[in-house]
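# Examination of the molecular architecture
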Amino acid sequence: MLVSQTQRVGSPTIYSGHSPHQPKEAEAVQKDTQVSISQTANCAEHNWQTIASNYNVHNISAAEVRAMSRELFEGGFIDSGQMMAIGAPISITENPHEKINLLGDMKRTFEISAASGGLNKTSREIYASAINTLEHLAKTHRNTMLI
């Protein structure tokens, strides 16, 4: 799909496929368009896939959570606030080897804390972003397990 902006102020014209109204230049550009991904992006994607295949956020120990959050942080996928939210102790008496549903627990904690006013705006954003990252990681984990 190509977008062409006219001189007038207004909506862009969108050409999809081989529209009869599509200019010849747009057709040529559409045929010659190639996308290349940098080596840095390929490396980041590989690191993400590796982390996703190594950890199941629905069945993970506290020790694994700490390692995973560190790997996500060192890979540049999360910031220090998200790393602390993900890697925070699950309970005062946690067993570092007992498996838990990290994503489910974080969602429940977030709902309870937000409903009770226990999180300020910044904390809500950090926690929600951490949950979003874990959801994406869970989806990638499922996809890597299907291969």
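### Let's talk about the overall build of the protein chain
Looking only at helices and strands, the protein chain has 6 helices and 4 strands in total. For the protein chain, with 147 residues in total, the buried portion stands at 28%. Here the analysis covers contacts within the protein chain between residues at least 6 apart in sequence; of these, 57% occur between residues at least 24 apart. Total accessible area on the protein chain is roughly 10000 Å²; 54% of this is exposed by carbon and sulfur atoms.

### With respect to the layout of surface pockets
Empty space within the largest pocket amounts to approximately 160 Å³. Contributing to the lining of the largest pocket are Ala-85, Ile-86, Ala-88, Pro-89, Ile-90, Leu-102, Asp-105, Met-106, Thr-109 and Tyr-127. Listed by contribution, the elements that provide at least two residues to the lining of the largest pocket are α4 (80-87) and α5 (102-115). In terms of residue count, α5 provides more of the lining of the largest pocket than any other element does, 4 residues in total. Tallied by class, residues from the lining of the largest pocket come to 8 nonpolar, 1 polar and 1 charged.

### Details of helix α3 (residues 62-74)
Compared with the 18 Å implied by 1.5 Å per residue over 13 residues, the 18 Å span of α3 between its first and last C-alpha is a close match. Taken together, the buried positions of α3 are Ala-62, Val-65, Ala-67, Met-68, Ser-69 and Leu-72. Looking at the packing, one finds that the buried side of α3 touches α2 (39-54), β3 (60-61), α4, α5 and α6 (121-146). Looking one or two places after α3, you find Gly-76, whose phi comes out positive at around 80°.

### Re the nonpolar core
Counting residues in each nonpolar core, the largest one holds 23 residues, and the members touching the most others are Met-68, Leu-72, Ile-86, Leu-102, Met-106, Leu-134 and Leu-137. Elements that contribute at least two residues to this core include exactly α2, α3, α4, α5 and α6. The greatest single-element share of this core, amounting to 6 residues, is contributed by α6. Each residue touching Met-68, except ones within four places of it in the same chain, is listed here: Ile-51, Tyr-55, Val-57, Ile-60, Ile-86, Leu-102, Leu-134 and Leu-137.

### Some words on the environment of Pro-89
Following the sequence through the fold, Pro-89 ends up in the loop between α4 and β4 (99-100). Owing to a relative accessible area of 57%, Pro-89 belongs among the exposed residues under this scheme. In this structure the C-alpha to C-alpha distance between Pro-89 and Val-65, which are 24 residues apart in sequence, comes to 9.4 Å. Residues within four places of Pro-89 in sequence aside, it is in contact with Arg-66 and Glu-94.

### Quick word on the pattern of salt bridges
Applying the stated criterion across every chain, the model contains 5 salt bridges. The partner of Arg-66 in a salt bridge is Glu-94, with the nearest N and O atoms 2.2 Å apart. With Arg-66 in helix α3 and Glu-94 in the loop between α4 and β4, this pair connects stretches of sequence that are 28 residues apart. Taking the shortest distance from any N to any O, the salt bridge between Lys-107 and Glu-135 comes out at 3.0 Å. Of this pair, Lys-107 sits in helix α5 while Glu-135 sits in helix α6, and the two are 28 residues apart along the sequence.

### Concerning the packing of aromatic side chains
Under the definition given, this model contains 2 aromatic pairs. The interplanar angle of 65° and the centroid separation of 5.1 Å between the aromatic rings of Trp-48 and Phe-77 together place this pair among those described as edge-to-face. Highlighted residues: Trp-48 in helix α2 and Phe-77 in the loop between α3 and α4, separated in sequence by 29 residues.

The rules we used
- Residues numbered from 1 in each chain as written.
- Predicted model: local features only at pLDDT ≥ 70, side-chain atom pairs only at ≥ 80, totals over all residues.
- Heavy atoms only, no water.
- Helix = DSSP H or I, 4+ residues; strand = E, 2+ residues; numbered from the N terminus.
- Buried < 20%, exposed > 50% of the residue type's maximum accessible area, 1.4 Å probe, protein only.
- Contact = heavy atoms within 4.5 Å.
- Areas by Shrake-Rupley, 256 points an atom, 1.4 Å probe, with all protein chains shown as cover.
- 1 Å grid on protein atoms, 1.4 Å probe; cavity = no way out; pocket = protein on both sides within 12 Å on 5 of 7 lines; lining within 4 Å.
- Points joined across faces, edges and corners; volume = space filled by probe spheres on them.
- Nonpolar A, V, L, I, M, F, W, Y, C, P; charged D, E, K, R; others polar.
- Expected span 1.5 Å × (residues − 1).
- Core = buried A, V, L, I, M, F, W, Y, C linked by side-chain atoms within 4.5 Å.
- Salt bridge = Lys/Arg side-chain N within 4 Å of Asp/Glu carboxyl O.
- Phe/Tyr/Trp six-rings, centres within 6.5 Å; stacked < 30°, edge-to-face > 60°.

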